[in-house]
Amino acid sequence: MAFALINARGTTSPEPAQRIDDAGRRIVSTRSFTSAASKAFAPLSCEDAQRAYLEEIELRLGRGFVAAGLVREMIEYQLMTGGKRVRALLPVWICVNMGGRAEAALDLGVGLELLHNATLIHDDLQDGDAYRRGRPAIWRRWGKAQAINAGDALFFEAFRCFARAPAGPRLLETMTAAMVRLAEGQSMEFQLQLAQDHPHALPPTLRTWEEVARRKTGMLFAACLRAGAAAAEQDEPTVQAAGDYGEALGLLFQLQDDYLDLIGDKGRHGRGSDLVEGKLSFPVLWAYEHGAAEAVAPLRALFALPREERTAARVSEAIAALQWSGALAATAAWLGAAAEAAQAHMFSAVIPGWIDRCLAPVAHAMPPAGASAPTDVGAAAWFAPRSGDQAIADVVP
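Along every chain, residues carry numbers that run from 1 in the direction the sequence is written. Given that this is a predicted model, residues contribute local features only at a pLDDT of at least 70 and side-chain atom pairs are listed and counted only at 80 or more, while totals for whole chains, interfaces and linings are drawn from all residues. Neither water nor hydrogens contribute to the side-chain values; these are computed over all heavy atoms in the structure.

A. Layout of unusual backbone geometry. Even without a glycine there, the phi angle at Arg85 is positive, about 60°. Going along the chain from the N terminus, every DSSP run of H or I of four or more residues is numbered as a helix, and every run of E of two or more is numbered as a strand. Along the chain, the position of Arg85 falls in the loop between helix H3 (69-80) and helix H4 (86-97). Burial status follows relative accessibility: with a 1.4 Å probe on protein chains alone, a residue under 20% of its type maximum counts as buried, one over 50% as exposed, and anything between as partly exposed. Here Arg85 falls in the buried class, since its relative accessible area comes to 5%. Of note in the backbone geometry, Arg133 takes a positive phi value of approximately 50° without being a glycine. Note that Arg133 resides in the loop between strand S3 (131-132) and strand S4 (135-136).

B. Inspection of the packing of aromatic side chains at higher detail. Any Phe, Tyr or Trp ring, taking Trp's six-membered ring, that has another such ring centre within 6.5 Å forms a pair; planes under 30 degrees apart are called stacked, those over 60 apart edge-to-face, and the others tilted. On inspection of all chains with the given rule, the structure shows 10 aromatic pairs. Relative to Trp354, the ring of Phe221 has its centre 6.0 Å away and its plane inclined at 65°; by these criteria the two rings are edge-to-face. Residue Phe221 is found in helix H9 (residues 206-231), and its partner Trp354 is found in helix H16 (residues 354-359); the two are separated by 133 residues along the sequence. Linked through ring pairs, Trp209, Phe282, Trp334 and Trp382 together constitute an aromatic cluster. For a Lys NZ or an Arg CZ to count as sitting over a ring, it must be within 6 Å of the ring centre and within 35 degrees of the ring normal. The positively charged end of Arg87 is found above the aromatic ring belonging to Phe253, 5.3 Å away from the centroid. The ring of Tyr288 carries the charged tip of Arg300 above its face, separated from the ring centre by 4.0 Å.

C. Looking closely at the packing of H4 against helix H5 (residues 103-127). Axis definition: a line fitted to C-alpha atoms, limited for helices to the stretch in contact. Angles are taken between N-to-C directions and run from 0 to 180 degrees. Running from N to C, H4 and H5 point in directions that differ by 155°, and their axes come no closer than 7 Å. Relative to H5, the element H4 lies roughly antiparallel. At the point where H4 passes H5, the crossing takes the right-handed sense. Contact residues: H4 offers Val86, Arg87, Ala88, Pro91, Val92 and Cys95, while H5 offers Ala105, Leu106, Gly109, Leu112, Glu113 and His116. Residue classes follow a fixed rule: Ala, Val, Leu, Ile, Met, Phe, Trp, Tyr, Cys and Pro count as nonpolar, while Asp, Glu, Lys and Arg count as charged, and any other residue, Gly among them, counts as polar. Residues that form the contact of H4 with H5 fall into these classes: 8 nonpolar, 2 polar and 2 charged. Roughly parallel means an angle under 35 degrees; roughly antiparallel means over 145; roughly perpendicular covers 65 to 115; every other angle is labelled oblique. For a crossing to be left-handed, the near helix must be turned anticlockwise from the far one by less than a right angle; the clockwise case is right-handed. Any pair of residues with heavy atoms lying within 4.5 Å of one another is described as a contacting pair.

D. Molecular detail of helix H2 (residues 46-61). In this scheme, a helix's expected span is set at 1.5 Å multiplied by one less than its residue total. Between its terminal C-alpha atoms H2 stretches only 20 Å, short of the 22 Å expected from 16 residues at 1.5 Å a residue. Bend at a given residue is defined as the angle between two axes, one fitted to the seven residues that end at that position and one fitted to the seven that begin there. The principal kink in H2, of about 45°, is found at Tyr53. When we look at burial in H2, the residues that qualify are Cys46, Asp48, Ala49, Ala52, Tyr53, Glu56, Ile57, Arg60 and Leu61.

Here it is in structure tokens:
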């Protein structure tokens, strides 16, 4: 598939190796894209985008806060826990590969990274996770009330970043709606854990999982892709189509995260942290819907226990039950189907190689290409063509 780095005026848009703002500060540390333009305008790879922009993203994440005192100390502590900066990089990478200038997207990416970290602070508090990437969580170090303050401050610091971006006003409704949907997803996740006779309980089904994942994870990915397309000055149908693809990527990412918790380590001191927290993840709900009663019994027994009684031995029994019931194999099959559909989508050319990077943490536990899959695999529908995809076809010939 051919692709051109073309701006809104139809001309190539190389960037200088360094640019200086009015205050004499370096804005972007990157190489020129003239060589890319001379070779059929090949899109930047993820590695190229990381080399070009991660340094500047980190610089912007570390400066310009209004917050002071303890609130600032907590924000800086949270950001120092690291992370891949996926949500910061995506808008910049997409913007450049759709013909825009990185500078138009950098503050959007930084703002989205701050939003993500704000939700992580609140998630750790609500879920009772004592560690984040091997370090004590904010609430564990400074207390629950202060964790709320730190998360709230990060939300508003993020919107200050959006206000500085050229496309910020255009995206304001998108960003605020995404945050509302994310809060809904967090609430629904807790509703999913309630006893079924509770008036606010949600049915423990894969359909409910998808609705939760679309809100809790999909909306922020959708915002990232919309931000990149808007920063590149694409028209509204293209921006919407980019957001649709981003929402589906969020489902893929959440499915990978659910699977990783059972076959790897998400940095929360061992496998099965979601089981300890009582989260009804995709593999658990698949087992509930499709597994034999005797296979699923240890899983149901685990969730019937108070959290403090969900021991490592009990968690190991539950993981074995997921294996025996076929839930782990089914989850891997869904991941494979979703990845294949995502790769086939025309927008994948804008973020080349990203799907493989997303699945890298679980690649060792994926079935070989072409392996038979359960007949109920429906992940491809997440990336089914929509009416707005023609707009992307016009951008990615």
